Amino acid sequence: MSTVIKGGLVIDQTGERTADVVVDDGRIVAVGPDLSGDQVLDASGCVVSPGFVDLHTHLRQPGAEEAETIETGGWAAVRGGFSAVVAMPNTNPAIDCAAVVQEVLLLGSQAPCDVYTSGAITVGRKGEQLAPMAEMAGLGVRLFTDDGNGVQDAGLMRRAMEYAAGLGVVLAQHCEVDSLAAGGQMHEGEWSSLLGIPGVPAEAEELMVMRDIALSRFTGAPVHFQHLSTGGSIAMVRAAREAGLAVTAEVATHHFTLTDEACASYNPVFKVNPPLRPADDREAVREGLADGAVDAIATDHAPHSPDAKEMPFDQAPPGMLGLETALALALTELNLPIAEVVGLLSWRPAAIAGLNGTHGGPIAPDAPANLCVFDPDEEWTVDPDDLASRSRNTPYAGRRVRGRVRHTVVGSRPVVVDREMRP
Ligand code: DOR
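Residues numbered from 1 in each chain as written. Predicted model: local features only at pLDDT ≥ 70, side-chain atom pairs only at ≥ 80, totals over all residues. Heavy atoms only, no water.

*Asks:* Requested: an account of the site of the ligand, with residues and values cited.
*Replies:* Close to the ligand lie His-58, Arg-60, Asn-90, Gly-148, His-174, Val-272, Asn-273, Ala-302, His-304, Pro-318 and Gly-319. In this structure, an oxygen atom belonging to the ligand sits 3.4 Å away from a side-chain N or O atom of His-58. Interatomic distance of 3.1 Å between a backbone N/O atom of Pro-318 and a nitrogen atom of the ligand. Against a free-state accessible area of 290 Å², the protein chains account for coverage of 94% of the ligand. With respect to the pocket detection grid, the ligand is positioned in the largest pocket. (Near = heavy atom within 4 Å. Polar contact = N/O pair within 3.5 Å; in protein donor to acceptor, adjacent residues only side chain to side chain. Areas by Shrake-Rupley, 256 points an atom, 1.4 Å probe, with all protein chains shown as cover. 1 Å grid on protein atoms, 1.4 Å probe; cavity = no way out; pocket = protein on both sides within 12 Å on 5 of 7 lines; lining within 4 Å. Sits in = over half its atoms within 2 Å of the grid points.)

Take a look at the structure:
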């Protein structure tokens, strides 16, 4: 059964035009004026863009299904306009071998969005021994990370980079030097002093960014930096790119929307790793998105059950939800042209994950039909009870935002229609 998306402004990496889009049998069939189909999705006043690609989603399965499953995380993704997510490997057991990759991909095949997975760089994400990256790459894994932890040992990281370059995969780093971050619960600065909460200095992140840029130069292997949060990190990445190194970077939504001052509430919903930083860093993150130093917006969607997140600040786990609010926050806070926001959420992350061709556009006949339709002007209030995620730990409860996903199409199937999930 064909579907026509009618009356929207189509935006992809080739430009903008008003057009209808017909999808059927997994593919885009036609793009142009006055098209028809068996069912109609109204897109008047809306943008029709490639479905978004999240490079950084914690789906929690296997092992923490009380917080999220691949299915519930998949619904959160499509409600946020994402047609593809890359799952992080800090599950239990970790996604560090072919068997666990296969399990995640099998469960992902039942999810409403396309589920890809990263693989761990080291066995059990322990930072001691390289994981069997080749066997995971053989199953299609393109991004390797120990996310949740950085790889501490520079020699091991060098070997991982050499190995990754040979396999044609990308290493993604959670930049955090454990010996500097140990015991820290929020950013180390004025607010941590006032609140008496132990801090994590910016240098814990920046030293690892510096080291891995040097290792990338040394080995020639690409490196992708995850959830960068400080002005110093952004400046180093900008310089490395200007020098022609194979360096890419993402920032998480919360690092361009919130600051460490939010922790003054002692509410663990604002606890995240890397931590919320001061306003200067938030500004630097925004500048990085505006001037191209940063490639992608990632969600770092990190669901935690109420039991866990309602612990005292120092005992609660770090992490916040992100999939269902990312587009609205980017449109509301970044002051960028809509096409640039769409690029940061779709074709640019798709290229890093090796998904271009399948996700991220262009919107043209024969291309896979993975699309998002959103109203860039609709204002709404974030309500934790109106989220598809199994968890409720959004730091944006009650916040007014602008820009709302209306429909999401994955493989030509409308999985979200007028914001309703279509199982
Ligand atoms: O805040 C975070 N939460 N940072 C991480 O690196 C891991 C994540 C999680 O898994 O909850």
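*Asks:* Lay out the sheet that holds strand 8 (residues 114-117) in plain terms, naming residues and giving numbers.
*Replies:* Strand order in this open sheet of 3 strands is 6-7-8, and the pairing throughout is parallel. Each having just a single partner strand, strand 6 (52-57) and strand 8 make up the two edges of the open sheet. Sheet twist, expressed as the mean angle between neighbouring strand axes with direction ignored, is 20°. (Pairing = 2+ DSSP bridges. Helix = DSSP H or I, 4+ residues; strand = E, 2+ residues; numbered from the N terminus. Axes fitted to C-alpha atoms, helices over the stretch in contact; angles between N-to-C directions.)

*Asks:* Break down the side chain of Ser-229 for me, with residues and values.
*Replies:* Inspection of the secondary structure puts Ser-229 in the loop between strand 13 (223-225) and helix 8 (231-242). Looking at Ser-229, its side chain comes within polar contact range of the side chain of Glu-205, at 2.7 Å. Separated by 2.9 Å, the side chains of Ser-229 and Arg-277 make a polar contact. When sequence neighbours within four positions are dropped, the list of residues in contact with Ser-229 reads Glu-205, His-255, Pro-274, Pro-275, Arg-277, Asp-281 and Val-285. (Contact = heavy atoms within 4.5 Å.)

*Asks:* Pulling in residues and values, what's your account of the environment of Leu-35?
*Replies:* Assignment of secondary structure puts Leu-35 in the loop between strand 3 (27-32) and strand 4 (39-42). Remark: the alpha-carbon pair of Leu-35 and Val-4, spanning 31 residues in sequence, is separated by 7.0 Å. Apart from the residues within four sequence positions on either side, Leu-35 is in contact with Val-4, Lys-6, Asp-20, Val-22 and Ala-30.

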